[in-house]
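# A closer look at the structure
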There are 2 protein chains.
Amino acid sequence: MAMAEKEFKKDKNKDFSDWYNTVIYAADLVDNRYNVQGFIVHKPMAMRSFKKMYAIFEKELEKDGHQPSLFPTVIPEENFELEKKHAEGFVADVFWITERGSEKLKRKLALRPTSETAMYQMYSLWVRDHTDLPVKLYQSCTVFRNESETSPFLRGREFLWIEAHDAFATEKESKEQIAKDMGISARVLGERLALPFMFFDRPKWDTFPGAEHTYATDILLPDGKTLQVASTHLLGQNFAKAFNVKFKDAENNEHFVHQTCYGPGIWRIMAAVIAVHGDDRGLVMPPSIAPIDVVIVPIIKSKADPTAIVDKCRKLKDELIEAGLSVELDLSDKTPGFKYAQWEMKGVPVRVEIGEKEVAESRVTLAARDTKQRRQVSDKSVVQEIRKLGEEMAARLKKNADDYLVAHVKDAESIDEIKEILDKTRGYARVNIHSVEMDGKECADTLQFETKGGKVRGVRIGKDEKPSGDAKCVVCGKPAKHVVYIARQY
Amino acid sequence: MAMAEKEFKKDKNKDFSDWYNTVIYAADLVDNRYNVQGFIVHKPMAMRSFKKMYAIFEKELEKDGHQPSLFPTVIPEENFELEKKHAEGFVADVFWITERGSEKLKRKLALRPTSETAMYQMYSLWVRDHTDLPVKLYQSCTVFRNESETSPFLRGREFLWIEAHDAFATEKESKEQIAKDMGISARVLGERLALPFMFFDRPKWDTFPGAEHTYATDILLPDGKTLQVASTHLLGQNFAKAFNVKFKDAENNEHFVHQTCYGPGIWRIMAAVIAVHGDDRGLVMPPSIAPIDVVIVPIIKSKADPTAIVDKCRKLKDELIEAGLSVELDLSDKTPGFKYAQWEMKGVPVRVEIGEKEVAESRVTLAARDTKQRRQVSDKSVVQEIRKLGEEMAARLKKNADDYLVAHVKDAESIDEIKEILDKTRGYARVNIHSVEMDGKECADTLQFETKGGKVRGVRIGKDEKPSGDAKCVVCGKPAKHVVYIARQY
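In this text the structure is predicted, and so the values were computed from the model without any measurement. Going along each chain's sequence as written, the residues are numbered from 1 onward. Numbering of ligands from 1 and lettering of chains from A proceed in the order in which they are written. Whole-chain, interface and lining totals are the exception, using all residues; otherwise, since this is a predicted model, local features are given only for residues with pLDDT of at least 70 and side-chain atom pairs are given and counted only at 80 or more. Side-chain calculation: all heavy atoms of the structure are included, whereas hydrogens and water are not.

A word on helix α8 (residues 266–277) of chain B. Taking 1.5 Å per residue as the helical rise, α8(B) with its twelve residues ought to reach 16 Å, and the 16 Å between its terminal C-alpha atoms agrees with that figure. For every residue, the accessible area obtained with a 1.4 Å probe (protein chains only) is divided by the maximum for its type, and the residue is called buried under 20%, exposed over 50%, and partly exposed between those limits. In DSSP terms, a helix is any run of H or I states spanning at least four residues, a strand is any run of E spanning at least two, and both are numbered starting from the N terminus. Those residues of α8(B) that fall on the buried side of the exposure criterion are B:I266, B:W267, B:R268, B:I269, B:M270, B:A271, B:A272, B:V273, B:I274, B:A275, B:V276 and B:H277. Expected helix span is taken as 1.5 Å per residue step, with the number of steps being one fewer than the number of residues.

Moving on, we come to the environment of A:A242. Residue and element names in this part refer to chain A. Within the secondary structure, A242 sits in helix α7 (residues 238–243). Looking at A242, the relative accessible area reads 21%, which means it is partly exposed. Note on contacts: a residue pair qualifies if any of its non-hydrogen atoms lie within 4.5 Å across the two residues. Among all residues touching A242, those that are not within four sequence positions of it are L82 and E83.

Attention shifts here to the nonpolar core. The biggest cluster of nonpolar side chains holds 78 residues, and the ones touching the most others in it are A:I97, A:Y123, B:I97 and B:Y123. If sequence neighbours within four positions are ignored, A:Y123 has contacts with A:F71, A:V135, A:L137, A:H165, A:A167, A:V245 and A:Q259. Only buried Ala, Val, Leu, Ile, Met, Phe, Trp, Tyr and Cys residues count toward a nonpolar core, and they belong to the same one when joined by side-chain atoms within 4.5 Å.

Before going further, it helps to spend a moment on the interface of chain B and chain A. Residue-level contacts link 59 residues of chain B with 59 residues of chain A. Buried surface area refers to the total accessible area, computed with a probe of radius 1.4 Å, that the two partners give up upon joining, counted for both partners together. A buried area of about 5100 Å², summed over both sides, lies between chain B and chain A, and 57% of it is on carbon and sulfur atoms. Think of a salt bridge as a Lys or Arg side-chain nitrogen and an Asp or Glu carboxyl oxygen that are within 4 Å of each other. Between the two partners, chain B and chain A, sit six salt bridges. Between A:K108 and B:E99 there is a salt bridge; the shortest N-O distance is 3.0 Å. Definition of a polar contact: a pair of N or O atoms within 3.5 Å, with one able to donate and the other able to accept a hydrogen when the atoms are protein atoms, and with sequence-neighbouring residues admitted only if both atoms are side-chain atoms. On the surface where chain B and chain A come into contact, there are 33 residue pairs in polar contact (both at pLDDT 80 or more). For the side of chain B that touches chain A, the residue count by class is 33 nonpolar, eleven polar and 15 charged. Polar here means any residue outside two lists: the nonpolar Ala, Val, Leu, Ile, Met, Phe, Trp, Tyr, Cys and Pro, and the charged Asp, Glu, Lys and Arg; Gly therefore counts as polar.

Bringing the sheet that holds strand β18 (residues 363–368) of chain A into the picture now. All names here are of chain A. For two strands to count as paired, DSSP must find a minimum of two bridges between them. Ordered by their spatial adjacency, five strands build an open sheet running β16-β15-β17-β18-β19, and the pairing between neighbours is mixed. The sheet is open, and its two borders are formed by β16 (327–329) and β19 (374–378), each paired with just one other strand. When the angles between neighbouring strand axes are averaged without regard to direction, this sheet yields 25 degrees. Where strand β15 (residues 294–298) meets β16, three bridges bridge the pair, whose relative direction is parallel. Residue pairing in the sheet places V295 in a bridge with E328 of β16. Running at roughly 170 degrees to β15, helix α9 (residues 307–322) makes contact with β15, β16, β17 (350–354) and β18 of the sheet. Seen against the sheet, helix α10 (residues 336–345) touches β15, β16, β17 and β19 and runs at an angle of roughly 170 degrees to β15. Between N-to-C directions, angles cover 0 to 180 degrees, with each direction set by a line fitted to C-alpha atoms, over the stretch in contact for helices.

What follows concerns the pairing of strand β22 (residues 455–460) of chain A. All names here are of chain A. Relative to β22, strand β9 (residues 198–201) runs antiparallel, the two sharing two bridges. If you follow D201 over to β22, its bridge partner there is V459. Sheet topology places β22 next to strand β23 (residues 482–489); three bridges connect them, and they run antiparallel. Counted as the bridge partner of V456 is I486 from β23.

This part covers the packing of aromatic side chains. Aromatic pairing here means that ring centres of Phe, Tyr or Trp (its six-membered ring) are within 6.5 Å. Orientation follows from the plane angle: under 30 degrees is stacked, over 60 is edge-to-face, and everything else is tilted. One pass over the full model with this rule turns up 38 aromatic pairs over all chains. Judged by centre distance (5.6 Å) and plane angle (80 degrees), the rings of A:Y120 and A:F239 are edge-to-face. Of this pair, A:Y120 sits in helix α5 (residues 116–126) while A:F239 sits in helix α7, and the two are 119 residues apart along the sequence. Ring centres of B:Y120 and B:F243 lie 6.4 Å apart, and the angle between their planes is 85 degrees; this geometry places the pair in the edge-to-face category. Taken together, the residues B:Y120 in helix α5 (residues 116–126) and B:F243 in helix α7 (residues 238–243) connect sequence positions 123 residues apart.

Here it is, written out as structure tokens:
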């Protein structure tokens, strides 16, 4: 398989798009030459990380009482029509199956763009009384959308995700689930993937089709555009009414269920990991999802007998695999410097160097991917030291990324200031705005036009941010009811 | 969610089909009421087992040097046409996407029925010289086939599987891979799932479309029909020529690669687990893939204070979860006997009973799903004893299933004897046959007609079974070149 043959060096912050679109191919994550546009091939270096990311999310979902399930990939057209706003929101995006063999189907089948309309008809069969609730199911799968512009992990015609669909007896429980879902996002993104993020309550005009509220997780990428990587939609009883999902309470009274759905965007989270942690040398993968945990590079002087060095490398490789790490031993005939650059580009968190000295002194040399600083450790404690180095690196990644985010949120009091923040700071502008209900949409549209794409991302969740008494909307000058964040978006 | 409310009792051997089609719904594995025929909903009890089965197979594949990948679900029509026999074999089975949004596609896209024609065009881009070989990739996914009759886990319009696709420089390596694939099947099926199986070299007229040879793994179900659960196809250079997958050797000479593909039929293996191990009380799941490892049932006398018993149950539940087991604690208000029957029906391998005595004597009572025999064990060793009970049960399942298979293979010397074996013994007839090359097809067709569906499954692999010098074909009476097995099939 192809592997980049040159040293990787690109200025991530100068031209992020160029950096991103070079590194994902150089690091052998994907191939975009599949002969259906917008559909990509996921190569092993990507799939190994995705498998780890799925395992982390699935464990969190199951701890919160969700159970795994799998619904059909195909959804009949009539299911779509049941929830009108949902149908309007998705119908242009849908790939339709119309034939089987040489026969025309009597009704069209959609490739799922999302699974509400597949799942909730079944919920209506399963839910009878209050003892059947809550229903909390998730599925890990790909979904399909007819996007016009695509980019690997950011936007695609087929992409990886998880969708969790919950039904509750009470509105209270459904609202409590939003906090639980945000807790899952926070633990996975913040603690495991070292990613900084913000939770937003989306403005009314930007909710999921068919939902009452959308609570979304955004991550700022180095080009200043923000990426929605997960969201929970408070569906209220909209879908319950459309799909007739009802239960009898203890007094035998019938009610519609209250629903939420939570979608961790596995693809987009990978994009965020690449974009936030990567540097000019290539990928920097957090140890929790690195496709390769450790690379071992033998340092062999040209005239020396390599046997003892290679033996030690092989022995260490077995020891690390035994300890549950995924390990590459690079015995190719390239120079050590070339090998370092290659594995750095692929983002391997820890490199082990073994030469004559390391053999003689019963130790190895470790280097972390991010700082490239070397550390000597004894053979006896090497597994432990590799783990420690990984943890230290993850902590540094988190701190750097957190600092970056803090430095890229600025208050603005005029549209010019917002433009300045979007164009120069390349971050979020925090502003006072008239309203995030439908009566605020005109201001948002003006703002988007004036700032060339700046969007109201919503009211921050988990922070008590309110305009002062006399604050005015940055667009219309009317009294401001909300503090919101503006950014260009993916 | 619905759960069977009555005690399960069905005679598996008397009417296997009725048993199977009752137990898969009673045990809450699937729901077949999805409103597209032949597409089913996988419920948590099935998905939990599938997740474990996938993990076992993926680990084995990766140990053998395969790497995870994911290719698009859609395949353009022109890819299908490149390997002619393959296209002929699959084209009637294909679901076609012809529209996106309201727009007609310029060319049709197939939902993958299998991924040779998606993957090998990429292999032709990736393979340049001998250092790029071997390529060994797998993907875990669902595939789509327009089957006319469907049954959960046996045959469906969308089903779960793994496909591993390998390309080698030499024919020798490709043939060696067949043995490696069979090793994986043997370890997973035989050692982890307690299933007996036979490997067959399929007759020439029954190979995979486009392959030179098909090496298949068959399992006998209780109705006497045999089920192909996995296969490796020796593709030779057929697809390499169709998709132009070539490499340069060390002397710069160009060659087509030699290919194999291996498909563990995840769905069908689940069907075999259910069918082979189940009994008249319901599922019997081998511990390696049981959706629930342990159920804890408190035994509470009607007038006694349940606090100490329930506390002990809860404490044990936490301890078992801590030890990595999936545990249900049944605190419903049903009787213990009712609970036993419910969890037996769902195939939970180990039941823990805790009553007054168990509290007083610092012990618990364990019962294995298959024998239902009880055993007293000390609180201190409960995790260890549960594991031991599971291992003992798996060994018993294996022995019983092996004995069953041995008793259901019989030699036959006439078509009448074959009929007797298929109808009464409900097993395999072992016979001498003229040929398994194309010149033997007429005998096979006659045999299939005369025996109402008996099929030549092929020559056994791993056994040196040859006809004696004067043996005659059981159908045509010509000299017999092969010993083959006949059975009806799924």
